[in-house]
Number of protein chains: 2
Amino acid sequence: MNLSGLKYLVVGSGLWGAAIAERIASVVKERVLVVEKRRRVGGMCQSFVHKETGIECHADGTHIFHTRFPEVWDYVRRFSDFIPYRHKVLTTCKGRVYNMPIGLATINAWYGLALKPHEALAFIEEEARRSDLTGEPRNLEEKAVSLIGRPLYEAFIKGYTQKQWNADPKSLPASIITRLPIRMNYNFDYFSDPWDMQGLPAKGYSTLIENMLARPNISLALETNFFDIRALVPPSCVVFYSGPVDRLFDNRFGTLEWRGLRFEWRVEDRDDWQGTSVMNYADVEVPYTRIHEYKHLRPEQPCTAGKTVLCVEYPEAGGEPYYPVNVERNDKIYALYREESEKIDNLHIGGRLGSYRYYDMDKTIHEALTLFDQVFRESSV
Amino acid sequence: MNLSGLKYLVVGSGLWGAAIAERIASVVKERVLVVEKRRRVGGMCQSFVHKETGIECHADGTHIFHTRFPEVWDYVRRFSDFIPYRHKVLTTCKGRVYNMPIGLATINAWYGLALKPHEALAFIEEEARRSDLTGEPRNLEEKAVSLIGRPLYEAFIKGYTQKQWNADPKSLPASIITRLPIRMNYNFDYFSDPWDMQGLPAKGYSTLIENMLARPNISLALETNFFDIRALVPPSCVVFYSGPVDRLFDNRFGTLEWRGLRFEWRVEDRDDWQGTSVMNYADVEVPYTRIHEYKHLRPEQPCTAGKTVLCVEYPEAGGEPYYPVNVERNDKIYALYREESEKIDNLHIGGRLGSYRYYDMDKTIHEALTLFDQVFRESSV
C-alpha cells in the first residue's frame, strides 16, 4: 500500500470515522483514506438482511437512531431516508412483564396499585427513605436504593446489573448510575428525544454508512489493520483514530477494560415469538440480559411467513469491546492516553473506542462533526 | 335570509359538511351556503384553548386523527399541518392499571403471567372454551365471553359496557361487538393505522375546519337552524344534510335513539394529574367511563405551570347525540328514513348524524369525498 502523499487517514469506519471522512471529502475536498480491519464498514453499527427469513437485523444488538441535535438529524438524513420508529423496552422479572425504564406503569404493576403521578412520587420517596441509607451512597446498590427504594432495585436493577457487569452491584461504583430516570407518567417511549427525531434508516445502518463513504475523494481499505500499515503513514498525515486507544500507545499505561457481549442467533417457526422488539430479563437466574426480535423494528417490511429471528444477548468478558468499564482505574488510565494523544498535533481520537465512552449513535456523530469543525477551523484549510 | 338562486346548501359544519362544502367551492367552483345551528363550526369536532391554563382541549372528548386512506390524509393536510401523535389508552380496573385494548400486556398483567404470544393465544382460547357457551351468542355478554373468556370480560368489558349503554350486557345484542381485537403482542398503540398517518392538527380541529371553510365561494351562517330557513330553500337547491335524519322527516317513522355524554371539567393544581391522556375506568362502581387530560396530547405546547385540565366523561341519556344505538329497532327505523331520503333527488344525507353510524373522523371525510365524487360525476357539472 502506497501511502506517500497521504494527507488524511481515518482509522475505523464506524459512524465517527465515516462522518469525519465524509466531511473531509465533501467540505475540505481532500482525498482521505479509511482503513477498516473488518470485512464491512460500520463498526458496531451494522445491519444485514437475514438470509433465511428476509428480516433486517442488527449485528450487534438493537440500534435505534434518536437525537436531540437538529444538526445531527439533518446530517444523517442526507444519506438515508428514515422510517419513523419509537422504541419501547419491556422486562421479564419473576414471571411477569413490566415496562422499562421504570415508570408509573412499572411501579403500579410491581406494587399492585393505581397511584397517580404525585402519589407515586411520594410513595417512591417513602420507599427510598425506608431503606435507611444515610450519607453519600458508597456503591451502585446504595445509590440505586437511595433513588428508588429497595424493592424496585432488587426487582429491576440488581440482577440485570450483576449480569451486565458480572459483579455484585455492591462492588460497583455509585458513579456508574448518575441517575435512574423514573418517569412518573405512562410514557412508554424508551427514548425522550423529540418524536420526529427518532427512527431507523430505511435501508439499514450499513447502507447509511456506505452512503456516507461513497464519495470520490474517499478510498476505503477493508480488512486492513491500521497497525500493519502504520509505519507507511507519512509523518505529516493527519490521523483520525477510532480504534482502542490503549493499543495505539502499546498499552504503556495499562489496558482499558471493556465488557463484551455474545449473541446467540436462532430462527423460530413463529410469526411472532415475543411480541416486542427487545425483551430484557431482569432475573439473575436467567443467563442472558436481552432477547432481540428484529422483525418488530420494521413491521412494514416483507419477510418469510411463520419465521422469526431471535438474537439472545449474553454479557461476557473479553471478545469485542462493547461497553467501557468507566470505573476509576480505567478512567484514570484513559486520561493518560488522552493526554498523550493530545501531545501529537496531527492525531485525533474519537468514537466509542477512542473516547472510552458509551456513546449513542447521535453523540458519536455529534462528536465527529464538532471535532471536524475544530480541526478545520483552526487549521489553514 | 335571501336564499333565492341558491344551488347548494350544506346543513351542519362538522367534518362531513365542511368537506362537502369545500369540494363544491373548490372543484365545482359554485357558491355554497353552510348553515350551522351552533355558534362555532366543527360539530362534535371542536378544539379550544382553555383560558386559565392555555391547554388545547377538545370540547367533546379526545379526538385523534388516524386513517388508512391516503387520499383522506392528503386531503386534511391541505388545511393544516399535523403533529405526529400516537394514542394509547389505559384503564383502571379493580385498583390496578392496564393497557387497552386488551393485548398481551393486559392478559399477562391480569393473570400475573409472562406468556409469549402463541401461549397467550392458546390460553385465551382455553379460557373461552371453559365458559361452556355453545351455539350462537345470544347477547353481548355471551359474544364477549366466547371471544375472550369470562375473567377478562368481567374485568374489562362488563362494567364499562354497562355504564356506556346503561344496560346489562346480557340485554344488549351480540351484534354491538362484531369483534374484540386482542393483540397478541406488546403494541400499545391504540390505533392500527400507519404510523405516519396519525396525528393532531397543529392548530387544533376548529382551525382545521375553519380553514376548510375559508373559501370565497362558501357562505357560513352560524347560529342558524336549518328548520327555521327550510321553507326558503329553493326546490332546485341541492341539500347536503348532516343533521338528525329523523328530524328531517318529522320523526314520521319514529325517533332514533342516541347515547349522550356529559363532560365535567375541572382544573387541578398539578403538572400532571393522571400521567396519560385518556384513562378509562372499567369498574361499574365508578360512575364515569373516562378521564381526559388534554395536556398530554400536546406536550410540546406551552401552558400554565402547575395546572392541568381534566374532563370527566359520564355517559347519559338524552343531551347531544354522541353514539348511535345500533340495535335492530333503530337500524330498521333508520333504513326507512334512508329510503325516504333517496327518493328525493337533490337531498344527500351523511355524517355521523345523517348516517346513524359511529364514524371516526377519517371515515366521515372519506364518506364526504366519495359522495361528492358520486354526485358530481353523475350530474352534468
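Every chain's residues receive numbers from 1 upward, in the order its sequence appears when written. Here every chain gets a letter starting at A, and every ligand a number starting at 1, in the order they are written. Note on the predicted model: pLDDT of at least 70 is required for a residue's local features to be given, and 80 or more for side-chain atom pairs to be given and counted; whole-chain, interface and lining totals, by contrast, use all residues. Side-chain numbers come from the whole structure's heavy atoms, not from hydrogens or water.

Student: For this particular structure, what's the right way to read the overall build of chain A?
Tutor: Labels follow the DSSP assignment, with helices taken as runs of H or I lasting at least four residues and strands as runs of E lasting at least two, numbered in each case from the N terminus. Regarding its fold elements, chain A presents 12 helices and 17 strands. The size measure is the radius of gyration over C-alpha atoms, and the globule rule it meets is 2.2 Å times the number of residues to the 0.38 power. Its C-alpha atoms give chain A a radius of gyration of 22 Å, near enough to 21 Å, the size a compact globule of 381 residues would have. Each of the 381 residues in chain A was classed as buried or not, and the buried ones make up 56%. Whether two residues touch is decided by their heavy atoms; if any such pair falls within 4.5 Å, the residues are in contact. Of the contacts formed within chain A by residues at least 6 apart in sequence, a portion of 74% connects residues at least 24 apart. In the structure as shown, chain A presents an accessible area of about 16,900 Å², 49% of it carried by carbon and sulfur atoms. The charge count treats Lys and Arg as positive and Asp and Glu as negative. His and the chain ends do not count. By convention, the point assigned to a charge is CZ for Arg, NZ for Lys, CD for Glu and CG for Asp. Separation between the mean location of the 48 positive side-chain charges and that of the 51 negative ones in chain A comes to 1 Å. Relative accessibility decides the category of a residue: with a 1.4 Å probe and only protein chains considered, values under 20% of the type maximum give buried, values over 50% give exposed, and everything between is partly exposed. Calculation of accessible area relied on Shrake-Rupley with a 1.4 Å probe; when residues are assessed, cover is drawn exclusively from the protein chains displayed.

Student: Sorry, what's going on with the sheet that holds strand 14 (residues 290–293) of chain A here?
Tutor: By way of backbone hydrogen bonds, the strands of a sheet pair with one another, either parallel or antiparallel. Residues and elements named next belong to chain A. Taken together, 7 strands build an open sheet; the order of strands is 8-7-13-14-15-12-16 and the sheet is mixed. The two strands at the open ends of the sheet, each matched to only one other strand, are strand 8 (96–100) and strand 16 (323–324). At least two bridges found by DSSP between two strands are what make those strands a pair. Where strand 12 (residues 258–268) and strand 16 come together, 2 bridges link them in antiparallel fashion. The partner of Arg-259 across the bridge, within strand 16, is Tyr-323. With respect to the sheet, helix 3 (residues 104–111) is in contact with strand 7 (89–93) and strand 8, its orientation differing from that of strand 8 by roughly 155 degrees. What counts as an axis is a line fitted to C-alpha atoms, over the stretch in contact for a helix, and the angles between N-to-C directions run from 0 to 180 degrees.

Student: Any chance you could explain the domain arrangement of chain A here in plain terms?
Tutor: Interfaces are often sized by the accessible area lost when the parts come together. Residues and elements named next belong to chain A. Note that the domain bounds were set by an automatic or database domain assignment. We note that the domain assignment places domain 1 (1–41 + 213–257 + 328–381), domain 2 (48–81 + 258–324) and domain 3 (89–179) within chain A. Using only C-alpha atoms to locate each centre, domain 1 and domain 2 end up separated by 27 Å. With 20 residues of domain 1 at the interface, the matching set in domain 2 holds 22 residues. Put simply, buried area is the surface a 1.4 Å probe can reach on two separate parts but cannot reach once they are joined, added for both. Taken over both partners, the interface formed by domain 1 and domain 2 buries close to 1,800 Å², and the fraction arising from carbon and sulfur atoms is 65%. Looking at the side of domain 1 facing domain 2, the largest losses of area belong to Met-361, Asp-362 and His-366, adding up to 28% of the total buried there. Note on definitions: salt bridges are taken to be side-chain nitrogens of Lys or Arg within 4 Å of carboxyl oxygens of Asp or Glu. Seen at the junction of domain 1 and domain 2, the total is 1 salt bridge. The salt bridge partner of Glu-320 is Arg-38, with a shortest N-O separation of 3.4 Å. Here a polar contact means two N or O atoms within 3.5 Å. Within protein one must be a hydrogen donor candidate and the other an acceptor candidate, and residues neighboring in sequence count only if both atoms are side-chain atoms. The interface formed by domain 1 and domain 2 includes 5 residue pairs in polar contact (both at pLDDT 80 or more). Only helix 1 (15–28), helix 11 (351–355) and helix 12 (361–378) provide two or more residues apiece to the side of domain 1 that touches domain 2. Ranked by the residues each element gives to the side of domain 1 that touches domain 2, the list is headed by helix 12, at 6 residues.

Student: Help me out: how do you make sense of the relation of the copies chain B and chain A in this one?
Tutor: In summary, the two copies of the chain are related to each other by a rotation about an axis coupled with a shift along it. To line up the copies, we fit them by least squares on C-alpha atoms, keeping just the residues with pLDDT of at least 70 in both. Screw-axis analysis of chain B against chain A gives a translation of 0.0 Å along the axis, an RMSD of 0.0 Å, and a rotation angle of 180 degrees. Such values leave the two copies arranged in the relation of a two-fold axis. For chain B, the smallest separation between a C-alpha atom and the rotation axis is recorded for B:Ala109, amounting to 3.8 Å. Mapped onto chain A, 100% of the interface residues of chain B are again interface residues, and the two copies thus contact each other with one and the same surface.

Student: Sorry if this is basic, but what is going on with the pairing of strand 15 (residues 308–317) of chain A here?
Tutor: Looking along a regular strand, one sees side chains alternate from face to face of the sheet. Residue and element names in this part refer to chain A. For strand 15, a buried count of 8 out of 10 residues is recorded, marking the element as mostly surrounded by other parts of the structure. With 10 bridges connecting them, strand 12 and strand 15 associate as antiparallel partners. By the bridge assignment for strand 15, Leu-261 is matched with Pro-315.

Student: Got a minute to help me understand the pattern of salt bridges in this structure?
Tutor: Once their charged atoms are close, side chains differing in charge can pair, the charge on each being opposite to the other. Residue and element names in this part refer to chain B. Enumeration over the complete set of coordinates arrives at 53 salt bridges over all chains. The residue Arg-68 makes a salt bridge to Asp-193 at a minimum N-O spacing of 3.4 Å. You can see Arg-68 sitting in the loop between strand 5 (65–66) and helix 2 (70–76) and its partner Asp-193 sitting in the loop between helix 6 (150–165) and strand 9 (198–201), a full 125 residues away along the chain.

Student: Please explain unusual backbone geometry as it appears in this structure.
Tutor: Across the chain, the bulk of peptide bonds are trans and the bulk of non-glycine residues have phi less than zero. Of note, the amide linkage connecting A:Met100 to A:Pro101 takes the cis form, showing an omega dihedral of -10 degrees. With respect to the helices and strands, A:Pro101 occurs in the loop between strand 8 and helix 3. You will see that A:Lys94, though not glycine, has its phi angle at about 50 degrees, which is positive. Positionally, A:Lys94 belongs in the loop between strand 7 and strand 8. Residue A:Lys94 is classed as exposed on the basis of its relative accessible area, which comes to 55%. In this structure, B:Asn251 takes a positive phi of about 55 degrees despite not being glycine. By secondary structure assignment, the location of B:Asn251 is in the loop between helix 9 (245–248) and strand 12 (258–268).

Student: Any chance you could explain the pairing of strand 1 (residues 8–11) of chain B here in plain terms?
Tutor: All names here are of chain B. Along strand 1, one buried face is formed by Tyr-8 and Val-10 and the opposite face, lined by Leu-9 and Val-11, is buried too. Pairing analysis gives 3 bridges linking strand 1 to strand 2 (residues 32–35), with the strands arranged parallel. Along strand 2, the bridge assignment pairs Val-10 with Val-34. Between strand 1 and its parallel partner strand 2, the chain crosses via helix 1 (residues 15–28), and the hand of that crossover is right-handed. When the strands point away from the viewer, a crossover counts as right-handed if the route from the first strand across the helix to the second turns clockwise.

Student: Before we go on, may I ask you to explain the side chain of A:His348 in this structure?
Tutor: Residue placement: A:His348 occurs in strand 17 (residues 347–349). Contact partners of A:His348, with chain neighbours within four places excluded, come to A:Trp16, A:Val238, A:Val239, A:Phe240, A:Tyr241, A:Leu371 and A:Val375.

Student: Help me understand the sheet that holds strand 17 of chain A in this model?
Tutor: Residues and elements named next belong to chain A. The 5 strands lie next to each other as 10-2-1-11-17, forming an open sheet whose pairing is parallel. With one partner strand each, in any of the chains shown, strand 10 (218–221) and strand 17 form the two edges of the open sheet. Neighbour-to-neighbour, the strand axes of the sheet open up by a mean angle of 15 degrees, direction not taken into account. Lying on the sheet, helix 1 is in contact with strand 1 (8–11), strand 2 (32–35), strand 10, strand 11 (238–241) and strand 17; it crosses strand 1 at an angle near 160 degrees.

Student: I'm lost on the nonpolar core in this one. Help?
Tutor: Nonpolar side chains in soluble globular proteins tend to end up buried together. Residues enter a nonpolar core if they are buried and are Ala, Val, Leu, Ile, Met, Phe, Trp, Tyr or Cys, with the set joined through side-chain atoms within 4.5 Å. Membership of the largest hydrophobic core comes to 239 residues, with the highest contact counts inside it found for A:Leu9, A:Phe240, B:Leu9 and B:Phe240. Setting aside residues up to four positions removed in sequence, B:Phe240 forms contacts with B:Tyr8, B:Leu9, B:Val10, B:Val11, B:Trp16, B:Ile20, B:Ile24, B:His348, B:Leu371, B:Val375 and B:Phe376.

Student: What is the right way to look at the interface of chain B and chain A in this model?
Tutor: Each partner contributes to the interface: chain B provides 33 residues, whereas chain A provides 33 residues. When the area that chain B buries against chain A is broken down by residue, the three leading residues are B:Arg96, B:Tyr186 and B:Trp195, summing to 23%. Between the two partners, chain B and chain A, sit 0 salt bridges. Applying the counting criterion to the chain B and chain A interface returns 10 residue pairs in polar contact (both at pLDDT 80 or more). Here the residues of the side of chain B that touches chain A are counted per class, giving 16 nonpolar, 11 polar and 6 charged. Note on residue categories: nonpolar means Ala, Val, Leu, Ile, Met, Phe, Trp, Tyr, Cys or Pro, charged means Asp, Glu, Lys or Arg, and polar means any other residue, Gly included.

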